Structure formats: C-alpha cells, structure tokens
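Analysis of the macromolecular model
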Amino acid sequence: MVVSSQKAMVLWALLLGLLLVSPLANAELERVEHAAKADGSLSFLVVGDWGRKGLYNQSQVALQIGSIGEKREVDFIISTGDNFYDDGLRGVKDPAFHQSFSDIYTAPSLQKQWYIVLGNHDYRGNVEAQLSPMLRKMDTRWLCLGSFILIAGPQMAEIFFVDTTPFVSNYFIDPKDHVYNWKGISPRLHYINNLLLYLESGLRESTAKWKIVVGHHTIKSAGYHGNTHELAIHLLPILQAYHVDLYINGHDHCLQHISSTDSSIQFLTSGGGSKAWRGDVNNRWNPQEIKFYYDGQGFMSVEMTETDVDIKFYDVFGNAIQANFFCYVNVNCLGTL
Ligand SMILES: [Zn+2]
C-alpha cells in the first residue's frame, strides 16, 4: 500500500508539473477592465501606423485626434500597431518612445489609457521593450500586452487584441533586409496554435453585447498590402463562428470599411496615423462589400450603446469623411455613404 501511495504521489507530481509547464494550463488571455460611462455607453478612438517622431503629418493627425477626443469624450484610445518606425524601439530607454508617443499625443483628451497591439515594424526592434512594465512606468497611458482582452463596460464590449505578426509566413521565410525579433514566439506554430485556442476560449465565454477583435494585419483590405491570407485561413473562421461584430486593423495606411457577404463581421482599417497617400488601391473589389476607402491620413472614432455602433472616419484636418452607419445587434451594418 505504501508503494502504491508513493506511486500515486509521483503521478500527481508529474501531472501537476505538466499542468504547470503546459501553456494550455492557463488557457486564457490576460484580461484588463475599463468602465463604461454612467449611461453604459462607450467612446473610443482608433489610430494606427503612427510612430515617426511627428513627421509625415503624425503631429497634425495627433492634434485632430486630441480635438475629436475632446468632442467625443473618449474613454480610451486603441493603437492598431506599427507604433515605432522603421524598426520598433531599440529598448526601454529609446528616446523614440517620447518623441513618437508621449511628446506627440499631448492633448488633455488623450491622457487616457491607450490599448496597443504590435505591428510588423515593432517586431524589427526590441519587442520586449514595448511589452515592458518599465514603459508603463514612464507613461502610464501605455498598455501593450501582446494578445489580451479588454473588458469594457463590463457588459458593453469585449475587445480581443491579437498579436498578428507571427501569423505572416513571409516575415519568417523571406524577411529581405529586415531582422525580426522572434524571441518569445518560437516555436512559431505552438505560439499561434495556443493563441488561437485562447482566443476561441475567450470568445466562447464572452457575454458582452459587442465582440471586437483588434489586430495589426488586415483580413480584408483593398489597400497596398491587401488581404492577409494566413489570417483569412486561421483567424477569420473563429471570428465567424463566435459572431464577432468588428475586426479592426492597421497595416494599410488608409481608412476603410469592408463588409462581408458571408458573415456579419465589419472589417475596419485605421492605419492613417502618419505616412500615407500611397495611391495603391484595388479598384476591382466587390462593390457590394467595400463601403468606404480613403487613401490618406486620419483616424477613426467608435461610439457604442447596447443597440448601436456609430463609426466615423476623420482626415488630417479633423473633418468627418463618412456619414454614420449603424449596426444593430446581430444584424449587418447598414452603410450610408
Ligand atoms: Zn504593418
């Protein structure tokens, strides 16, 4: 009996050890919470592809983000990645953090929490620096956790931030002159598979009115980079299965809204935080799907209540460049251009 008992203890110890080292043991993404307004509504801005030390109109766009942020009484700001050009941050003491972020987005309305994903350019630098608590100490607005869930409301919206750069094969097999920092990603397939499992688990459990996924790379885009087929294959089916309402991305330096003929997901690009005007648009896109395309600098605002989502795009002058469209729970967005 003593031997059996010892064997049982060894087995339990082994099992516990496996659970502790297995990523599946903690099949959840980190969660952060952000309270909605007293009436339950939420207002936030989305900007992407911005960090150029104020150049390429980054400062001008920032000025307008501040102005619209004040008018819309925003609760927080989302960055869709490519936070620091061209090669991310060199480390936590890289002055680019202040030159491209803290010293640029200075308006009182922007002194809110920023929820941030990484882009491909960020992976060309010290990714760990952007994820480091040290950066948060230097500027408490900064919150970049790789992939994580923002519970806003708490019941209004769950926003799933997904680290999309490791999905893109070309960065691994044909990096050209660039050096990517994959520390923490390898083995890649393991990282991606676990991330998808965690995302699916989070979406399955979500009871929020609105489910939003934010990633740097496009799923559908008529811009220069176009669709990201790895995300269309691996990520999109999960978003469809769990009835995600909005997929928000950057990467293409434009503002666009694409709807879908086979699901209720609305694909929104906000990647006009600085350098833009590439003049490379796919004009052959299905006109039933493409609702809006603006090949220029700007940003996006989102206001949501229990029944409606109001999305506006703004140019570098702060002008709204699209009429509202409204989404109703579980019903396709009705574009009104
Ligand atoms: Zn990018």
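Rules of the game
- Note that residues are indexed from 1 along each chain, following the sequence as it is written.
- With pLDDT at 70 or above as the cut-off, local features in this predicted model cover only qualifying residues; side-chain atom pairs require 80 or more to be listed or tallied, and sums for whole chains, interfaces and linings still use all residues.
- On a scale of 0 to 100, pLDDT captures the predictor's confidence in every residue.
- Any pair of residues counts as being in contact when their C-beta atoms, constructed from backbone geometry, are within 7 Å of one another.
- Between any two strands, pairing holds if DSSP finds at least two bridges.
- Each helix is a run of DSSP H or I of at least 4 residues and each strand a run of E of at least 2, with the numbering of both proceeding from the N terminus.
- Here the axes come from fitting lines to C-alpha atoms, over the contacting stretch only for helices, and the angles between their N-to-C directions go from 0 to 180 degrees.
- UniProt positions are given in the numbering used here, feature names are shortened, and annotations may be inferred rather than shown by experiment.
- With C-beta atoms placed from the backbone, a residue counts as buried when 20 or more other C-beta atoms lie within 10 Å of its own, as exposed when 12 or fewer do, and as partly exposed for counts between those limits.

1. What to know about the confidence of the model for the protein
- Within the protein, residue pLDDT values average 89, and 87% of them lie at 70 or more.
- Long-range and interchain partners of residues 323-337, a stretch whose pLDDT sits below 50, account for 34 contacts in this model, where long-range means more than four residues apart.

2. A look at the sheet that holds strand E9 (residues 246-249)
- Strand order in this open sheet of eight strands is E1-E6-E7-E8-E9-E11-E10-E12, and the pairing throughout is mixed. Only two strands of the sheet have a single neighbouring strand rather than two, namely strand E1 (30-35) and strand E12 (290-294). On average, each strand axis in the sheet is inclined to that of its neighbour by 15°, with strand direction left out of account.
- Sheet topology places E9 next to strand E11 (residues 266-270); four bridges connect them, and they run parallel. Among the inter-strand pairings, Asn249 is bridged to a residue of E11, identified as Thr269.
- Of the strands in this sheet, strand E6 (148-153), strand E7 (157-162) and strand E8 (210-215) touch helix H7 (residues 188-205), which is tilted by about 175° from E7.

3. What about the UniProt feature "binding site: Fe cation 1" (unreviewed entry) in the protein?
- What UniProt calls "binding site: Fe cation 1" (unreviewed entry) maps, in this numbering, to Asp49, Asp82, Tyr85 and His253. In three dimensions, the annotated residues from a span of 205 residues occupy one location, with a maximal C-alpha spread of 13.1 Å.
- One can find Tyr85 in the loop between strand E3 (76-79) and helix H3 (96-102).
- Every residue in contact with Tyr85, bar those within four places of it in the chain, is listed here: Gly51, Arg52 and His121.
- Looking at where His253 falls in the secondary structure, it is placed in the loop between E9 and strand E10 (255-258).
- Given 26 C-beta atoms within 10 Å, His253 falls into the buried group.
- For His253, the residues in contact, after removing those within four places along its chain, are Asp49, Gly271, Gly272, Lys275, Ala276 and Arg278.

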